[in-house]
2 protein chains.
Amino acid sequence: MIDLAKRVHDHTWKIDPVVRSLLDTDFYKLLMCQTVQKRHPDVRVTFSLINRSAHVPLADLISEQELREQLDHVRTLRLTRGEITWLRGNTFYGKQRMFTPEFIEWFRTFRMPEYRLERVGDQYELTFEGPWAEVMLWEVPALAILMELRSRAVLRRLGKLDLQVLYARAMTRVWEKIQALKDLPDLRISDFGTRRRHGFLWQNWCVQAMIEGLGQCFTGTSNCLIALRREVEAIGTNAHELPMVYAALANSDADLAAAPYQVLENWQKDYDGNLLIILPDTYGTKSFLARAPAWMTYWTGIRIDSGDPATGAQTAIDWWTANGQDPTRKLVIFSDGLDVDKIEELYARFHGRVKLAFGWGTLLTNDFRGLGPDDGLAPFSLVCKAVSANGRPTVKLSDNVGKAMGPPDQIARYKRVFGMESQSDEALIV
Amino acid sequence: MIDLAKRVHDHTWKIDPVVRSLLDTDFYKLLMCQTVQKRHPDVRVTFSLINRSAHVPLADLISEQELREQLDHVRTLRLTRGEITWLRGNTFYGKQRMFTPEFIEWFRTFRMPEYRLERVGDQYELTFEGPWAEVMLWEVPALAILMELRSRAVLRRLGKLDLQVLYARAMTRVWEKIQALKDLPDLRISDFGTRRRHGFLWQNWCVQAMIEGLGQCFTGTSNCLIALRREVEAIGTNAHELPMVYAALANSDADLAAAPYQVLENWQKDYDGNLLIILPDTYGTKSFLARAPAWMTYWTGIRIDSGDPATGAQTAIDWWTANGQDPTRKLVIFSDGLDVDKIEELYARFHGRVKLAFGWGTLLTNDFRGLGPDDGLAPFSLVCKAVSANGRPTVKLSDNVGKAMGPPDQIARYKRVFGMESQSDEALIV
């Protein structure tokens, strides 16, 4: 039977919002936000959209009005009563009350700050400027909006049955990947695919598939809203923006060299246990570990997010061993450009030697390669990064030359200060 | 488009469960359960179904197998992760952490205890026996199951369009009631209709209508699951079972006379603020208030649940005034057999003289009077009560002769001990 009231009510929707909740973001953003809001309330930053895939003409695909409507919609969002309840009452890695009453009170009335949008050629310049704790929360929704509007633009060309077959194929692909992963005993894998997902409903379906297909081997999702709705663990720790902003704020080369360690020193005061994960690659993993203070060897694990992942993991194992730590009790999290083949390879190589975890991102939630017209649904490399802090440019080197960013003179300075010898040149898919 | 997977998956449902969550119950049951679980872990009680409406032949309408399947299903339920999060993180009347970690831990692994079911003539004997904290949680789901199975039995006779028109009429009726209530400024009204609802989905719809129609005047629902899902306040305080069990356990007439006050003395140690609501009528409101200790006059309010409600409210006002309390700062909650006309009448009489609140039950969530074939959907008077505690019979007198229960000799004894002079004879609708 037709529900007349619903049909007519639905007419009143002006847009179909991509992001419908402030919790439709990565859990680690909230962890970082809490620490930033407490420790650095006066730091101002600029985040900026960077499309590393110049062949995807975002401004031709997505109209400015459509993009503004979606961004404006996010600025109308507030946490709901149920979302606040979840933040307050949930356990994260078994720990209760991860968020302080002060942070929840701040977040309760939070609304997203302004944005600046300009079309330049076939791309958009999209920037966010303001207090760090506010601006940082734009990164994930801004990316998710652009990714989904691009999907919608391409999908508009398809008929009803085309769409049905397209999604049937995509679902088959995800499900076959998950079936392959079932062959890896004790696998621990989670969804890290919020920012560059095909769309919200698709990510939500992928998580459902992971839950049904992998059972206890699926450890959770980085997406807070999906974690809330599907009652699974919210997953995440911290990101490059912390060392990048700390480094930009350093007043001397000595302070600069110390900045990435200062990040972790503060972090371990705010969090513990499974959140003590080192992200070593911002200015080169090798030198970072070589110069690390002794207390860092006691941390729970390390996240490998650029460079050749096997090399990164081996570097970490060597470092732990050299420092008298037992690598089999340490956690290595792989999170860079993973797909099933790479997961299988890394699993075969390191299973039993360390505790392993995989954060599966874009190729879980956006593997539409070869499925859309003119391959127009293939994922591409879009990021949104802190480009300056208190007026000074930020720099990222990473273990992959394609991911470096910042002004050339500053890149040279950072390379010198951090003793950065070589960078790998991994093909950049996402 | 047809979702083939969903259609086929749905074939595997064996029953359509009436109660799908341990939180599909009244909030005050959990408040009472927490205090019972802590203070009286060794008390054993028997709860028993009582159909006061003998003309509704439940055992003719509902098959024993169907009833057993629904009761058995409730025994498979566990709290979900999200439900535990809600209990832990929600605020109730603005207070955080209403439930202790100890209670949540107990409830986390809780499953409903056994039941005993027997057909006797055209009725069912349904009893629950065991530890008080466990057995008490059967009351609301047992009633909701019987009410909804009765609805289903009657609805089975109707065709698709008949059903559509039936619900259109019922919705119109609820919506017109809500429109009438909009004329009462500052009204405070909540849904107390879980136990004798037409069905879960219908109650859920009624709450939605209250939210949309009354806005801030709708203060919440007693149903925890609906409060969670709709992100509204869970409402409730305590019920007759506390004084009834305390009284049954009393070893002397002096202890018996003191029992109802002992309930409240314990209650105010466990809770405060808006939960300090006196329920005075178990053994007669007048004598209860006349003999009340001084500290009770400081409580937040009173709930009028039997007898003539205007008389009950006036008795409370007189009592507060006589004890130097300002009635305009006290809360009177009406919760017995309310419908719009009675609400309007009580509002007109007491608005401005006390703070008013209304707990609207069966005639909100089950007003199908005159709508079903042979009026077979009209609500009826079904209760599930503690009938004994540690082997001794319980007694309830109330301010309404039709609600009295217990063995005749004990009723006589209670009347003597509590100085119960007269009972009103309100027509018993629900």
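Procedures and definitions
- Residues numbered from 1 in each chain as written.
- Chains lettered and ligands numbered in written order.
- Predicted model: local features only at pLDDT ≥ 70, side-chain atom pairs only at ≥ 80, totals over all residues.
- Heavy atoms only, no water.
- Helix = DSSP H or I, 4+ residues; strand = E, 2+ residues; numbered from the N terminus.
- Expected span 1.5 Å × (residues − 1).
- Buried < 20%, exposed > 50% of the residue type's maximum accessible area, 1.4 Å probe, protein only.
- Arc of directions from axis to C-beta.
- Contact = heavy atoms within 4.5 Å.
- UniProt positions renumbered as here; feature names shortened; annotations may be inferred.
- Pairing = 2+ DSSP bridges.
- Axes fitted to C-alpha atoms, helices over the stretch in contact; angles between N-to-C directions.
- Buried area = accessible area lost by both parts, 1.4 Å probe.
- Salt bridge = Lys/Arg side-chain N within 4 Å of Asp/Glu carboxyl O.
- Polar contact = N/O pair within 3.5 Å; in protein donor to acceptor, adjacent residues only side chain to side chain.

### Considering helix α9 (residues 160–181) of chain B
Residue and element names in this part refer to chain B.
Right, so step 1: With 22 residues, α9 ought to run about 32 Å at 1.5 Å a step, and its terminal C-alpha atoms sit 32 Å apart, in line with that.
Right, so step 2: Every buried residue of α9 is accounted for by L166, A170, V174, K177, I178 and L181. All buried residues of α9 project into a common sector of 105° when viewed along the axis, lining one side. Seen from the open side of α9, the exposed residues pointing more than 90 degrees away from its buried face are L161, R169 and E176.
Right, so step 3: Where the residues of α9 are buried, they touch α8 (139–155), β6 (189–191), α10 (200–214), α16 (340–350), β11 (355–360) and α17 (362–365).

### Details of the UniProt feature "modified residue: Phosphohistidine" (unreviewed entry) in chain A
All names here are of chain A.
Right, so step 1: Per the UniProt annotation, the sites labelled "modified residue: Phosphohistidine" (unreviewed entry) are H240.
Right, so step 2: Locating H240 in the fold gives a position in the loop between α11 (224–230) and α12 (241–249).
Right, so step 3: Owing to a relative accessible area of 4%, H240 belongs among the buried residues under this scheme.
Right, so step 4: Those residues within four positions of H240 in sequence are excluded, and the remaining contacts are L279, D281, T282, D305, K385 and K396.

### Considerations on the sheet that holds strand β5 (residues 123–131) of chain A
Residue and element names in this part refer to chain A.
Right, so step 1: Across the sheet, which stays open at both edges, the 5 strands sit in the order β4-β5-β1-β12-β13 with antiparallel pairing between neighbours. At either end of the open sheet lies a strand with only one pairing partner, and these are β4 (116–120) and β13 (392–393).
Right, so step 2: Note that strand β1 (residues 44–51) and strand β12 (residues 382–389) share 7 bridges and pair antiparallel. Paired with N51 across the bridge in β12 is L382.
Right, so step 3: Against the sheet, helix α8 (residues 139–155) makes contact with β1, β5 and β12, and its axis sits at roughly 145° relative to β12, the strand it touches most.
Right, so step 4: Across the sheet, α12 is in contact with β1, β12 and β13; its angle to β12 comes to roughly 25°.

### A short note on the interface of chain A and chain B
Right, so step 1: If you look at the interface, chain A gives 19 residues, while chain B gives 19 residues.
Right, so step 2: Buried area between chain A and chain B, both sides added, is near 1800 Å², and the carbon and sulfur share of it is 45%.
Right, so step 3: At the junction of chain A and chain B, the tally comes to 2 salt bridges.
Right, so step 4: R81(B) is the partner of E233(A) in a salt bridge, and the nearest nitrogen-oxygen pair spans 3.2 Å.
Right, so step 5: Where chain A touches chain B, the interface holds 11 residue pairs in polar contact (both at pLDDT 80 or more).

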